[in-house]
Structures are given as C-alpha cells and as structure tokens.
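Chain residues, written in single-letter form:
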Amino acid sequence: MRPGTDMALVAGMIQYLFSAGKLDEQLIRDKFVGFFSDSFADDVKAAEPTSTAFMGLDKSGKLTIKEDMSYEAYLAGTGAYKGTGEKTPEWAAGITGIPADTIRELADLYMDGPTATIQGWGPQRHSNGGNNSRAIAMIAAITGNVGISGGGTGAREGVGGVPFATPTAIPCFPEKNTVDVCVSFFDWYQAIEDYTVMNDATWGIRAIDETGVTSYAEEPGTLKLKAPIKFIWNYGSNVMMGQHADINDSLRIYNLPDEKDSGVRMIVTVDPWMTPTAMASDIILPGTTPFEEDDLTTGGTAWTGFICCESKAIEPLFEAKPVYEICTLLADALGIKDEFTEGKTQLDWIEWCYNEGKAAGDDLPDTFEEFRAAGLIKQTDDHEPAIAAPEGPLATPSGKYEVFSKQAYNLSRQWDLTGGGYVPDDGRDQITGLPIWYENFEGYGDPLREEYPFQLIGHHTKTRTHSSYGNVPWMSSVAPQQCWINEGDAATLGIKQDDTVIVSTERGRSRMTAKVTNRIMPGVVSVPQGAWYDPVTRDGATIGDPSVLDLGGCISVLTSSRPTPISKGNGVHSNLCKIEKA
C-alpha cells in the first residue's frame, strides 16, 4: 500500500460494508457518534469538549456546525463533502494502489473476525499520521473487533507483564521544577530557534503539573512557552544527530548565535561512545558502560517480570565516570552536594531501591547482599488473557467512539498550522473532524513528486537498536545499510543489487548501497533508521548545507522536521526522494 493512504483504504472498506448492509447499524448508533447523517447534529453536541482535560475547549460556544459532516456524508460525497465523489473501493484503489477486490476481501475479513489490528508505531509517523491512526482504529471498532479475544484497535499492541514495584530511579525533586508547560517530544528544536511563537495554538503547548499530568488550554493561544532552551544535557543518547529529523537543519539550529530569545548556549553529552551527537556537542564527558558501574534495572514481557541487580565487572576505564558521580561532582561545584546525594553513594541508592521494593511487597531475597549475589530475579503468575472491557464510557467527551471528533473540528478553527510562520501555509497540513484522506505533505499526491518521484519511509534493521551498535563494523557486515528498492524501479534506473546509490530529498543527500527486492512496492523505497551520520566534510563553513553528502546512509539527513498537524509529533515517514547511481 502507498504510505500514508490508510484513511482512503478504510473509507473504501467501510463504504463497501455499509452499502452492502454488512455493518451492525444498531451497534454504531449505540456506541459511536458522528457516523450517521440523521443523528449528526445531536452527536456533535454530545462530543463537545467541556473541560481542559480535552483539546479544543470552546468556552464561547461559537464553533457551531451547520453542515452535514458525518461519515455517512463523506462516504457518499454529500453534505460538506459535496463534489468529492463516492468513496468506493475503486476510489480507494486509485489512491492506495491496492486492487478494489482486495479491499473488499480485507473488509470481509474484518467482518468475519476476530481480526487483530496491529498498528505498531509507524502509521502515525506520517505527515497525516493523526488521521492515519484514527482511521485504522475506526475500522477495528466499527466492525466489532474490540472487547473480544483476538481483536483490538491496534493503538499499541499490549504485552502481559508481572512488574516489580522496586524503583529504579532516585527522587528527583519534582516540586522544585517551576516549569508548568511542556512541548511535544519532537518539537524541542523550535524552542532553541524561537520560543516566542510557541503556544498551544501554534505548537501544541500543554500545561503540566508536578505529577506529570497534562491539560489543555482554556482559550486558544494562552498556554505559552516562557523561555528558550539555552542548555542541553544529553545523557546516553544519539537522538539529536541520529533519530531526530533533518540533521542539516538541526545543525543550523544548534549553531545559531546565542541571543536573548534564540540560540543554545551549551550542549553537554555524557556517553561512552563518540556518537554523531557527541561530535556536535560543546563538552563531551566520558560515561561508563554497564560493565563499569553498579545499577538496577527492571522489565518484563510474556507474563514474566524481572529485576536485575547489576554489579560492575571492571573499574571504569581511563577518565570515564558513572553519571551519578558526574552529577555529584557538579553538585559539589554548585554547593549543593549534600542536598543532591543525601549522603548516599550510587551503591547506597541501589540498596535504598531494594528496601523500597521490599516495603512495597516485592518477593526479594532477605538481605541486600543476597539480592546482589542473586543478580537476576524473575517472577510470573497465574492469569487469564486480558481483554479490554467493551462496556462503560470511553475517555472521550461523549463517552463513545467518536467517528467525528468535535475536539479536532474545534482545533481546526482555533489553531495556526503554520506554527507562527515557521511551517509553510501550503494546505498540506489539515486537522479534520473525521479521519479522512487528504493530500498531505510529501505524500503520494504532492506535486513535488515530479522532481522527487519516490516515497521514502524508514524501518528498523536487525543489527541495531535505533543507533546502538551502528558503530560495530562486523554487525554492519551481516546486514549492510541499504536502500530497499523495487525490482522494476531499479531496472528503470539501471540499478543492480549492491550498487552504490545516492538518495536525495530537499533536505540532504546520503550514500549507501541498493537492496533490489520485490518485497517493497513500486514507487516506494525504504532506508533503515539509526545509521550513524558521517558527512564527507566537517568544515564549519558547510554546517547545515543540504548539499553535503552523508557517507553513513543516515535517513535522518533526508527526513523532515515538519511536525504533524494535531499531535505536533514525528512525521518522518512522509518524504519524497530521488535515487541515482553514485
């Protein structure tokens, strides 16, 4: 399927099922709002957000809807969607690249369930990702595949665990953090360049309390970021130059002059490895590997939980130090060492965690010494398969499944999707009440395809966890960094297996070899994420220049940092590129 066209696929499926009388009408009328034309006006009233626990609060009551914007009208191309045509499987086939009969077969599979829907964390990472994930969840819910064994909306596949209550972090004084707003995890870069344009209506700023609970604005534009990002402490992470988008523009932002309202003053990286992010930092502090320090970790899956008391195998090499020791030295220099450490060493804190776990009822050895000697402890339990309860109100304004979201509709009227002038006003970002398909930024229908004809997505590869192990040559020899390309497209371009190619977008150029395969559809290419950025030159005069060739096959040179419309999140699977032999 063409990336980012899930909404069209779902519309074609539901149109077929609805027109054939295969959907359970009573289920939809009882459990959903916004589907039928004859109840749309009442559904809109039921779906109105009434507090800051929801997005799009309309205290004025002026954001009324007088047209039929129901999903039934959308499928038929009537009401507010007059002139858009009927959303038949044939219509969907032209957008998705999936044959109409296959769309009907897939729709029938959902009706003949149980059918498990597994979205993963890919569909929402397109420039139209909000509508993508909403549509996928809708087809699962509307066909009755929720609240049953083997079903689910696929919002995120769940795994059973038996967690320990033992903490793995020391107290962090949340009451001393006076910052009462938060930004999207993806958009922090904008707080370096120009924080003054960042509010709830431009960049999705939310209120946050000391417990971490977030809430939304009472009036559009009233939740504002109050200061720029001037200092970055980067511990054990290569996100800034590896997993984040548009490395060239990120480099430009990191190197802005330090002025009152923009420019980062200092970047400090603590890491055992000389990562690309470390190379972009002002100060690099050598951290320790897990072999060089005592620590405590917990986790679990498949109805098993574990706790691991790690004991260092060797003393830290060279000048490397555990991050707790680094922070202790910094606290000492600031005159707050005793307040920070509370008189405890790192091992003392691990013992504190053990004691807290015992007090909380964890079945741990009787003494801390026995706990350390055991190292790894597992637990499981007797259980029945967990199924989300289908009854009871949902966490929506209406308490029902909202095919039409009045929250989203209100935001479409309240928000500035240009991000205060930093995102082009080209109509390719939309917030819509229904999860409908539209021509999104660098999607299949973008005119930019005339110059950059391929849709570029990313995927995880078997030799890395994100960028971890990306610096291990023998791992790379097992699965080289390659651009997946369809056999027909490769033949047209004269590209053969393992040929060296250059993949280019408007944002950068990256070199890698080609993997010619029929396992990816024509017109789409995929590059594994996490490869280490390796520019052909590190000349300061070329910092941020998109023409500088990356030799590492790093997809983050190619991706866009343009945030998604509603979540202001990661849309890095929507890219248009061209490919040429090197």
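Residues numbered from 1 in each chain as written. Predicted model: local features only at pLDDT ≥ 70, side-chain atom pairs only at ≥ 80, totals over all residues. Heavy atoms only, no water.

Student: Which parts of the structure should I look at to understand a nonpolar patch on the surface?
Tutor: A surface patch of nonpolar side chains, about 400 Å² in accessible area, is lined by Phe-231, Trp-233, Tyr-235 and Leu-330. The leading source of residues in the nonpolar patch is strand β5 (residues 231–235), at three residues. Looking at where Trp-233 falls in the secondary structure, it is placed in strand β5. Taking relative accessible area as the criterion, Trp-233 reaches 31% and is therefore assigned partly exposed. (Patch = residues over 30% accessible without salt bridge, like charges linked within 9 Å, V, L, I, M, F, W, Y side chains within 5 Å. Areas by Shrake-Rupley, 256 points an atom, 1.4 Å probe, with all protein chains shown as cover. Salt bridge = Lys/Arg side-chain N within 4 Å of Asp/Glu carboxyl O. Helix = DSSP H or I, 4+ residues; strand = E, 2+ residues; numbered from the N terminus. Buried < 20%, exposed > 50% of the residue type's maximum accessible area, 1.4 Å probe, protein only.)

Student: Looking at this structure, how should I read the packing of helix α1 (residues 6–19) against helix α6 (residues 100–111)?
Tutor: Each pair of packed helices can be summarised by the angle the axes make with each other and by the distance between the axes. Relative orientation of the contacting elements α1 and α6 amounts to 70 degrees, with a least axis distance of 9 Å. Taken as axis vectors, α1 and α6 run roughly perpendicular relative to one another. Touching Leu-9, Gly-12, Met-13, Tyr-16 and Leu-17 of α1 are Ile-103, Arg-104, Leu-106, Ala-107, Asp-108, Tyr-110 and Met-111, all from α6. Residues that form the contact of α1 with α6 fall into these classes: nine nonpolar, one polar and two charged. (Axes fitted to C-alpha atoms, helices over the stretch in contact; angles between N-to-C directions. Parallel < 35°, antiparallel > 145°, perpendicular 65-115°, else oblique. Contact = heavy atoms within 4.5 Å. Nonpolar A, V, L, I, M, F, W, Y, C, P; charged D, E, K, R; others polar.)

Student: I tried to follow the packing of aromatic side chains on my own but got confused; where do I start?
Tutor: Two aromatic rings are characterised by how far apart their centres lie and by the angle between their planes. Following the criterion strictly, the structure yields 17 aromatic pairs and no others. Relative to Tyr-74, the ring of Tyr-71 has its centre 5.6 Å away and its plane inclined at 50 degrees; by these criteria the two rings are tilted. Of this pair, Tyr-71 and Tyr-74 both sit in helix α4 (residues 71–76), three residues apart, which is roughly one turn of the helix. You'll find Tyr-71 and Tyr-74 in the same group, each marked buried. Plain terms: the ring middles of Phe-404 and Tyr-409 are 6.2 Å apart, the flat faces sit at 40 degrees to each other, and that makes the pair tilted. With respect to class, Phe-404 is no different from Tyr-409; both count as buried. Joined through ring pairs, the aromatic side chains of Phe-18, Phe-35, Phe-36, Tyr-71, Tyr-74 and Tyr-81 make up one cluster. Lys-515 extends its terminal NZ or CZ atom over the ring of Trp-484, reaching a point 5.1 Å from the ring centre. (Phe/Tyr/Trp six-rings, centres within 6.5 Å; stacked < 30°, edge-to-face > 60°. Lys NZ or Arg CZ within 6 Å of the ring centre and 35° of its normal.)

Student: Even after reading the chapter, I still don't get α1, so can you show me in this structure?
Tutor: Since the α-helix advances by 3.6 residues per turn, residues separated by three or four positions end up pointing in the same direction. With 14 residues, α1 should reach 20 Å at 1.5 Å per residue; the first-to-last C-alpha distance of 20 Å fits that figure. Counting buried positions over the 14 residues of α1 gives twelve, a clear majority of the element. Taken residue by residue, α1 has Asp-6, Met-7, Ala-8, Leu-9, Val-10, Ala-11, Gly-12, Met-13, Ile-14, Gln-15, Tyr-16 and Leu-17 as its buried positions. Check the buried side of α1 and you find it contacts α4, α5 (89–96), α6 and α7 (129–142). (Expected span 1.5 Å × (residues − 1).)

Student: How do you make sense of the sheet that holds strand β9 (residues 304–310) when you look at a structure like this?
Tutor: Strand pairing in a sheet relies on backbone hydrogen bonds, with the paired strands running either antiparallel or parallel. The sheet built from three strands is open, its strands ordered β8-β9-β10 with antiparallel pairing. Sheet topology places β8 (295–301) and β10 (376–380) at the edges, where each strand pairs with a single neighbour. Put simply, the sheet's adjacent strands are angled 15 degrees from each other on average, direction ignored. Of the pairings in the sheet, the one linking β9 to β10 comprises five bridges and is antiparallel in character. Across the sheet, residue Cys-308 finds its bridge partner in β10, namely Leu-376. (Pairing = 2+ DSSP bridges.)

Student: Help me understand a negative patch on the surface in this model?
Tutor: On the surface, Asp-348, Glu-351, Asp-366, Glu-369 and Glu-370 cluster together to form a negatively charged patch. Tracing the backbone through its elements, the reader meets Glu-351 in helix α14 (residues 346–359). Judged by relative accessible area, which is 31%, Glu-351 ranks as partly exposed. (Lys, Arg positive; Asp, Glu negative; His and termini not counted. Charge placed at Lys NZ, Arg CZ, Asp CG, Glu CD.)

Student: Looking at this structure, how should I read the packing of α1 against α5?
Tutor: The interhelical angle for the contact between α1 and α5, taken along N-to-C directions, is 165 degrees, at an axis separation of 8 Å. Taken together, the axes of α1 and α5 lie roughly antiparallel to each other. You can see that α1 and α5 cross each other, and the crossing is left-handed. Of the residues in α5, those in contact with Ala-8, Leu-9, Ala-11, Gly-12, Gln-15 and Tyr-16 of α1 are Pro-89, Trp-91, Ala-92, Ile-95 and Thr-96. For the contact of α1 with α5, the per-class residue count stands at eight nonpolar, three polar and no charged. (Left-handed = near helix turned anticlockwise from the far one by under 90°.)

Student: Teacher, can you tell me more about the sheet that holds strand β2 (residues 181–182) here?
Tutor: Taken in spatial order, the three strands of this open sheet run β2-β3-β4, and their pairing is antiparallel. The two strands at the open ends of the sheet, each matched to only one other strand, are β2 and β4 (214–215). Pairing geometry for strand β3 (residues 206–208) and β4, over two bridges, is antiparallel. The partner of Ala-207 across the bridge, within β4, is Ser-215.

Student: Before we go on, may I ask you to explain the pattern of salt bridges in this structure?
Tutor: Where charged atoms of side chains with opposite charge meet at close range, the side chains can pair. By the definition in use, this model includes 20 salt bridges. For the salt bridge of Glu-90 with Arg-104, the shortest nitrogen-to-oxygen distance reads 2.6 Å. Of this pair, Glu-90 sits in helix α5 while Arg-104 sits in helix α6, and the two are 14 residues apart along the sequence. Note on Glu-90: relative accessible area 45%, which makes it partly exposed. For the salt bridge of Asp-446 with Arg-428, the shortest nitrogen-to-oxygen distance reads 3.8 Å. One end of the pair, Asp-446, is in the loop between α16 (406–414) and β12 (454–459); the other, Arg-428, is in the loop between α16 and β12, and 18 residues separate them in sequence. Of the two residues, Asp-446 and Arg-428, neither departs from the other in class, the shared state being buried. The structure contains a network of salt bridges with shared partners spanning Glu-25, Arg-29 and Asp-38.

Student: Which parts of the structure should I look at to understand the side chain of Thr-143?
Tutor: Looking at the element boundaries, Thr-143 is found in the loop between α7 and β2. Among the polar contacts listed, one links the side chain of Thr-143 to the backbone oxygen of Ala-140, at a separation of 3.2 Å. Of note is the side chain of Thr-143, whose polar atom sits 2.9 Å from the side chain of Asn-145. Those residues in contact with Thr-143 that sit more than four places away from it in its chain are Leu-17, Leu-23, Tyr-110 and Met-111. (Polar contact = N/O pair within 3.5 Å; in protein donor to acceptor, adjacent residues only side chain to side chain.)

Student: Which parts of the structure should I look at to understand unusual backbone geometry?
Tutor: Working note: non-glycine residues mostly have negative phi, and peptide bonds are mostly trans. Across the junction of Gly-113 and Pro-114, the peptide omega takes the value 15 degrees, indicating a cis bond. In the Ramachandran plot, His-466 falls in the positive-phi region, its phi being about 55 degrees despite a non-glycine side chain. Structurally, His-466 is set in the loop between β12 and α17 (473–478). Although it is not a glycine, Asp-498 sits at a positive phi angle of roughly 70 degrees. Look at Asp-498 and you get partly exposed, because its relative accessible area is 47%.

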